[in-house]
Protein chains: 2
Amino acid sequence: MESFNVHILGCGSAKPSTRHNAACQVVEIRGKLYMIDCGEAAQIEFACQKLNINRLGHIFISHNHGDHVFGLPGMISTMGLLGRTAELHIHGPEKVRELLDVTLGTYCQGMEYEVHFHPVDTTRHQLVFEDRSIEVWSLPLTHRVPCCGYLFREKPRLPHIRREMIDALQIPLSQINNIKAGASWTMDDGTVIPHENLTTPAEPPRSYAYCSDTAYRPELVPLVKGATLLYHEATYPEELSDRAQEYCHSTSQQAAKVAREAEVKRLCIGHYSLRIKDEGAHLREAQEVFQNTILTHEGQIIRVE
Amino acid sequence: MESFNVHILGCGSAKPSTRHNAACQVVEIRGKLYMIDCGEAAQIEFACQKLNINRLGHIFISHNHGDHVFGLPGMISTMGLLGRTAELHIHGPEKVRELLDVTLGTYCQGMEYEVHFHPVDTTRHQLVFEDRSIEVWSLPLTHRVPCCGYLFREKPRLPHIRREMIDALQIPLSQINNIKAGASWTMDDGTVIPHENLTTPAEPPRSYAYCSDTAYRPELVPLVKGATLLYHEATYPEELSDRAQEYCHSTSQQAAKVAREAEVKRLCIGHYSLRIKDEGAHLREAQEVFQNTILTHEGQIIRVE
């Protein structure tokens, strides 16, 4: 099956720790890379994980807080220093533009590539971007500033050819792409072999939903329904649920509740507060509500399947 | 002797590597911390080295290139998140103000402490700052944008009391501070014991000169004459001296030449280009010109003595 992985570059929260980096993930689909959030030192972790910077064309920013954007100036100017010529596209709330303007205006003069900013309306669930492999949809979140998550939905793949049918019917190889694309086959005697008999269906499209930062938000449930993998922030343990509410963050059980109600396949949690002393206990709290939950950590590669 | 140390937080150059961080050092004098340059991830390395953020009151920026300033937004906003109330002072070329304005205007609202920016005229050698322990002087450098180094010069220390004289002459302890400060002592019979007989001289003041980034610049020699420790960038090996000249950087032998002619006690080098494959060879090139040379590396604490 074609690759669809999530690389964790940082899963800490706003106050830095020696244990976790600021927020950053890289989604890898069919060899292309898409970054989500870009906290300080993202470019360093990116290099440590030996990801290929030339495969990165799009960065999606959830909101304009420092721990989600302070890696952008370094990321952008390093691409320039490395002689990049391909365009870079940055998607995010309008307010992000200011940091980009200073970065490009002051630190990136003479660079040979273009950076395009695409403002995202964080209040709406809509298609933000698509290419041949994926669609990216915004997911409105509840935070102290305009904020949205992103849903990466793989485009339907082509069905598999039934090799034994092709051989038996002596269908020329030149027709295989047409058949994959939906064509039937007409025999010399006029008999029509329907497409369905020549192929087996493709695997159902996979999807990854990234939701950080947000207060508990039941409105998310229909938007991430049935996702293959859901990342939901879980900044605080249950005992600090007052604090979660005050700062518009979630507890581990609130994250798990969204996962359970949306019937996702798997949940991963992160954006850990420094107040979490025992991440194992944090995980167990979530698993009480939704069993198939894992913790994120830097360097981790989570397969979306 | 009272502490005077240089902590190396980053000694790489503009293109990031997995081996070195972007430029950042912390000078520690008598318990107080002064940061020089603030490349990306400075706050992370600062925490890893267990330096006390409350002891940091001043940051000195050499020039407005990304690898020397991209750590400022994170550093400043983290101080706010940690509830800092003491003022923070940032010294550097006028152009740094722009990044500070975005940082403070957008990412630090509601912070309880004040950040003051003090523009530095990089074309002049002058006193930039002083407190009870030190003077900091600017050192004009030759780079592609306005750039200066900084000379940290310890203020003269008080002489040491000769305990045996105090005891023999039965001088009251209450007088010791006066004597340290320069007073003589008059006996009951009117005999004056001169200050010099009651004390031994303090150690000569120590100094640390930080020079990054710069082309070879002989005009530095008189300004750093006799420094206890000189940091001089050595971006390129000798074989890339053309490149050094083109980008206004120095080779290891040029750094060593400044050290030799200024008769400093010790030289440390850094700001390593990714093109340096063998740092040992890089060091040996410098040592051919000035023997007492060391390489810098992250986590290192260099004593100024």
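Our subject is the structure listed above.
It should be emphasised that the depicted structure is a prediction, and the values quoted were computed from it without experimental measurement.

**Observations regarding the overall build of chain A**
Per the secondary structure count, chain A includes 11 helices and 18 strands. With respect to the three principal axes, the spread of C-alpha positions in chain A is 75 × 55 × 35 Å. For chain A, restricting intrachain contacts to residue pairs at least 6 apart in sequence, the fraction spanning at least 24 positions comes to 64%. The positive charge centre, built from 30 side chains, and the negative charge centre, built from 38, are 2 Å apart in chain A.

**Considerations on the relation of the copies chain A and chain B**
For these two chains of identical sequence, chain A goes onto chain B by a turn of 180° and a shift of 0.1 Å along the axis, with RMSD 0.1 Å. Both copies of the chain, as the preceding transformation shows, are related through a two-fold rotation axis. When C-alpha distances to the rotation axis are compared across chain A, the minimum falls at A:Ala41, with a value of 2.7 Å. Same-surface contact between copies: 100% of interface residues of chain A are shared with the interface of chain B.

**A few points about the interface of chain A and chain B**
Across the boundary between the two partners, chain A contributes 29 residues, which contact 29 residues of chain B. For the pair chain A and chain B, the two sides together bury roughly 2,500 Å², of which 67% comes from carbon and sulfur. Together, A:Glu40, A:Phe70 and A:Tyr107 form the three largest contributors to the area buried by chain A at its contact with chain B, with a combined 28%. Our count for the contact surface shared by chain A and chain B stands at 0 salt bridges.

**Topic: the environment of A:Glu94**
All names here are of chain A. Checked against the element boundaries, Glu94 lands in the loop between strand 5 (88-92) and helix 4 (97-107). We classify Glu94 as partly exposed; its relative accessible area is 42%. Glu94 sits 23 residues away from Phe117 along the chain, and the two C-alpha atoms are 8.9 Å apart. Excluding residues that lie within four positions of it along the chain, Glu94 makes contacts with Phe117 and Pro119. Within the local environment of Glu94, its side chain forms a polar contact with the side chain of Arg97, the two groups lying 2.7 Å apart.

**Here's the deal with the sheet that holds strand 18 (residues 301-303) of chain A**
All names here are of chain A. Reading across from one edge, 6-5-4-3-2-1-18 is the order of the 7 strands in this open sheet, with mixed pairing throughout. The strands lining the two open edges of the sheet, one partner per strand, are strand 6 (115-119) and strand 18. The mean inter-strand angle of the sheet, taken between neighbouring strand axes irrespective of direction, is 20°. For strand 1 (residues 4-10) and strand 18, the ladder comprises 3 bridges, and the chain directions are antiparallel. Opposite His7, over in strand 18, you have Ile301 as the bridge partner.

**Side note on the side chain of A:Glu233**
Residue and element names in this part refer to chain A. Of note, Glu233 is situated in strand 15 (residues 229-233). Within the buried set, Glu233 has no salt-bridge partner at all; the shortest N-O distance to an opposite charge, 7.8 Å, is to Arg144. From its side chain, Glu233 meets the backbone nitrogen of Ser250 in a polar contact 3.0 Å long. Other than its neighbours up to four places away in sequence, Glu233 contacts Cys211, Ser212, Asp213, Thr214, Cys248, His249, Ser250, Ala255, Gly270 and His271.

**Considerations on the pairing of strand 15 (residues 229-233) of chain B**
All names here are of chain B. Along strand 15, 5 of the 5 residues are buried, which leaves the element largely enclosed by surrounding structure. What you see with strand 15 is no split at all: Leu229, Tyr231 and Glu233 on one side and Leu230 and His232 on the other are buried throughout. By the bridge criterion, 4 bridges tie strand 14 (residues 207-211) to strand 15 in an arrangement that is parallel. Bridge pairing links Ala209 to Leu230 in strand 15. By the bridge criterion, 5 bridges tie strand 15 to strand 16 (residues 266-270) in an arrangement that is parallel. Bridging from a neighbouring strand, Leu229 pairs with Arg266 of strand 16.

**Here we look at the nonpolar core**
Counting residues in each nonpolar core, the largest one holds 61 residues, and the members touching the most others are A:Phe46, A:Leu72, A:Ile90, B:Phe46, B:Leu72, B:Ile76 and B:Ile90. In this view, B:Phe46 contacts B:Leu9, B:Val26, B:Leu33, B:Met35, B:Leu51, B:Asn52, B:Ile53, B:Leu56 and B:Met75; residues no more than four positions away in its chain are not counted.

**Some words on the side chain of B:His65**
Secondary-structure assignment places B:His65 in the loop between strand 4 (56-60) and helix 2 (66-69). You can call B:His65 buried: its relative accessible area is 17%. Apart from the residues within four sequence positions on either side, B:His65 is in contact with A:Tyr107, B:His143, B:Arg144 and B:Val145.

**Description of the sheet that holds strand 9 (residues 148-154) of chain A**
Residue and element names in this part refer to chain A. Pairing within the open sheet is mixed, and its 7 strands lie in the order 7-8-9-14-15-16-17. At either end of the open sheet lies a strand with only one pairing partner, and these are strand 7 (127-130) and strand 17 (293-295). Recorded for the sheet is a direction-independent mean angle of 20° between the axes of neighbouring strands. Direction of pairing for strand 8 (residues 134-140) relative to strand 9: antiparallel, over a ladder of 7 bridges. Note that in strand 9 the partner of Leu139 across the bridge is Gly149. Seen against the sheet, helix 11 (residues 279-289) touches strand 16 (266-270) and strand 17 and runs at an angle of roughly 165° to strand 17.

**Some words on the pairing of strand 8 (residues 134-140) of chain B**
Residue and element names in this part refer to chain B. The buried fraction of strand 8 amounts to 6 of the 7 residues, a majority that puts the element mostly inside the structure. As paired strands, strand 7 (residues 127-130) and strand 8 are joined by 3 bridges and run antiparallel to one another. The residue of strand 8 that forms the bridge with Leu127 is Trp137. Between strand 7 and the antiparallel strand that follows it, strand 8, lie 3 residues.

The rules behind each value
- Residues numbered from 1 in each chain as written.
- Chains lettered and ligands numbered in written order.
- Predicted model: local features only at pLDDT ≥ 70, side-chain atom pairs only at ≥ 80, totals over all residues.
- Heavy atoms only, no water.
- Helix = DSSP H or I, 4+ residues; strand = E, 2+ residues; numbered from the N terminus.
- Contact = heavy atoms within 4.5 Å.
- Lys, Arg positive; Asp, Glu negative; His and termini not counted.
- Charge placed at Lys NZ, Arg CZ, Asp CG, Glu CD.
- Least-squares fit on C-alpha atoms with pLDDT ≥ 70 in both.
- Buried area = accessible area lost by both parts, 1.4 Å probe.
- Salt bridge = Lys/Arg side-chain N within 4 Å of Asp/Glu carboxyl O.
- Buried < 20%, exposed > 50% of the residue type's maximum accessible area, 1.4 Å probe, protein only.
- Polar contact = N/O pair within 3.5 Å; in protein donor to acceptor, adjacent residues only side chain to side chain.
- Pairing = 2+ DSSP bridges.
- Axes fitted to C-alpha atoms, helices over the stretch in contact; angles between N-to-C directions.
- Core = buried A, V, L, I, M, F, W, Y, C linked by side-chain atoms within 4.5 Å.

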